[in-house]
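Descriptive analysis of the structure
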Amino acid sequence: MKIGALTFGGGYAMIPIIEEEVTKKRKWISEIEIMDILAISESTPGPIAVNTATYVGYKVAGITGGIFATIGLAIPSFVIIFVISFFYQDFMKWPVIAAMFKGLKVGVIILLFSAVLRLRKGVKVNLVGTILFVSTLSIMLVFSFIDIGFKYLSLSLILLGIITGIVLTLIANKKEGSK
Amino acid sequence: MIFFELFYTFFLIGLFTFGGGYAMIPMIQEQVVSKGWISESNLTDFIAVSEATPGPFAINISTFVGNSVGGVFGAICSTIGVILPSIIIILIIAMIMKKFMKNKYVQGALSGVRPVVLALILSTALVLFIKVLFFRGNSFKGEWEFDVRSFALLVILSGMLFIYKKVRKKSLGAIKLLGLSALLGIIIFTV
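A few points on the structure. Since this is a predicted model, take the numbers as computed values, not measurements.

Criteria and thresholds
Residues numbered from 1 in each chain as written. Chains lettered and ligands numbered in written order. Predicted model: local features only at pLDDT ≥ 70, side-chain atom pairs only at ≥ 80, totals over all residues. Heavy atoms only, no water. Contact = heavy atoms within 4.5 Å. Buried area = accessible area lost by both parts, 1.4 Å probe. Salt bridge = Lys/Arg side-chain N within 4 Å of Asp/Glu carboxyl O. Helix = DSSP H or I, 4+ residues; strand = E, 2+ residues; numbered from the N terminus. Nonpolar A, V, L, I, M, F, W, Y, C, P; charged D, E, K, R; others polar. Expected span 1.5 Å × (residues − 1). Bend = angle between axes of the 7 residues up to and from the residue. Polar contact = N/O pair within 3.5 Å; in protein donor to acceptor, adjacent residues only side chain to side chain. Buried < 20%, exposed > 50% of the residue type's maximum accessible area, 1.4 Å probe, protein only. Phe/Tyr/Trp six-rings, centres within 6.5 Å; stacked < 30°, edge-to-face > 60°.

1. Structural notes on the interface of chain A and chain B
Many descriptions give the size of an interface as the accessible area lost when the pieces come together. Taken together, the contact between chain A and chain B spans 95 residues of the former and 90 residues of the latter. Between chain A and chain B lies a buried interface of about 8,700 Å² when both sides are counted; carbon and sulfur atoms form 80% of it. For the interface between chain A and chain B, the tally reads 1 salt bridge. For the side of chain A that touches chain B, the secondary-structure elements that each account for two or more residues are helix H1 (2–5), helix H2 (15–25), helix H3 (31–43), helix H4 (48–84), helix H5 (88–91), helix H6 (95–120), helix H7 (127–145) and helix H8 (153–178) of chain A. Among the elements that make up the side of chain A that touches chain B, the one with the highest residue count is H6 of chain A (20 residues). Considering only residue class, the side of chain A that touches chain B consists of 60 nonpolar, 24 polar and 11 charged.

2. Some thoughts on helix H5 (residues 104–134) of chain B
Residues and elements named next belong to chain B. Relative to the 45 Å expected for 31 residues at 1.5 Å per residue, H5 spans 45 Å between its end C-alpha atoms, a close match to the ideal helical length. Maximal helix bending in H5 amounts to about 25°, located at Val 113; proline Pro 115 follows within four positions. Capping the start of H5, Asn 103 holds a side-chain oxygen 2.6 Å from the backbone nitrogen of Tyr 105, two or three residues further along.

3. Regarding the pattern of salt bridges
What the rule picks out here adds up to 2 salt bridges over all chains. Between Glu 33 of chain A and Lys 59 of chain A there is a salt bridge whose closest N-O contact spans 2.9 Å. You can see Glu 33 of chain A sitting in helix H3 and its partner Lys 59 of chain A sitting in helix H4, a full 26 residues away along the chain. Look at Glu 33 of chain A and you get partly exposed, because its relative accessible area is 24%. Look at Lys 59 of chain A and you get partly exposed, because its relative accessible area is 36%. Among the ionic pairs, Arg 114 of chain B bridges to Asp 36 of chain A, the shortest N-O distance being 2.9 Å. Here Arg 114 of chain B, found in helix H5, pairs with Asp 36 of chain A, found in helix H3, and the two come from separate chains. The buried category is assigned to Arg 114 of chain B, whose relative accessible area is 12%.

4. Points about the packing of aromatic side chains
Enumeration according to the criterion identifies 7 aromatic pairs over all chains in this entry. Ring centres of Phe 113 of chain A and Phe 129 of chain B lie 6.0 Å apart, and the angle between their planes is 80°; this geometry places the pair in the edge-to-face category. Pair noted here: Phe 113 of chain A is in helix H6 and Phe 129 of chain B is in helix H5, and the two residues belong to different chains. For Phe 113 of chain A, a relative accessible area of 27% translates into the label partly exposed. One aromatic cluster in this structure is built from Phe 134, Phe 146 and Phe 151 of chain B.

Take a look at the structure:
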């Protein structure tokens, strides 16, 4: 629930908070598992934030956990938007609110960078991994810079990672078989 | 019945959206604007508000539309509608994954996916960094403009975090950090 209340801009912006609350503070799941969960959330229907909450909840406390984590995620946004929707057209015109949100954006940037640094430890460094990492990063940057709205971009990149991983396992199997 | 219609519409939207919140916008335009539940310009306004308020976009938009069409109960129906497909699908997958986690191919697939996910997070960070610091209106469509105040805030915050880590031997919690950045934001951007 805390996570829902503090997440801006959905999906990826909430990763650092989830990662910190769930892996570091509560030790519910490991850093590697977090990345697997994110990949699954991205490649199944439904908003990433909701998918991730359900999955984490299930891992920690079974089906009930999944349902409760998701409801917990939804309640803060629900309440906030419900209140705002009565006067939303004036909302952003208050200078204090606007200033606060600008400050929060900077905070989110710092959080995202530090999450990358922490999660990096869980990834094995090898050639294929580096290639996947660099190409995903450059494709994402180029696409967002030229502002092409291709909604299946990150999904296709994740699928590419999955296929590469399976193909590599197949190749490794063949090598073992021929020995 | 309007409540059932809200539930059903957002259930469909939840079921057929892949990826994060904004991937839903085309679906919402198609399903919600065409029903006359919300106008095109209201939707655009709301996207801006949603971007500036906490919470996942999917839940924000379904609460907003539900409330404007059917009051509190409408908001509840559409929000439950949008999260229900995720709950069902993810629970099923999580149960299946438990069995297959030790499978070689599943492990292979996951090891291929991890660098991609890491790169996706890093690119989100970089894009946000560039937008906030160098573009007016925090969008690539805006004019090129270096935002001195955001930069100052970034430097101050990073400095404070660094000192905190040195002194306390652990990093500042994410939630405290966000509180601090909101507070400093109010000071820096209103003077």
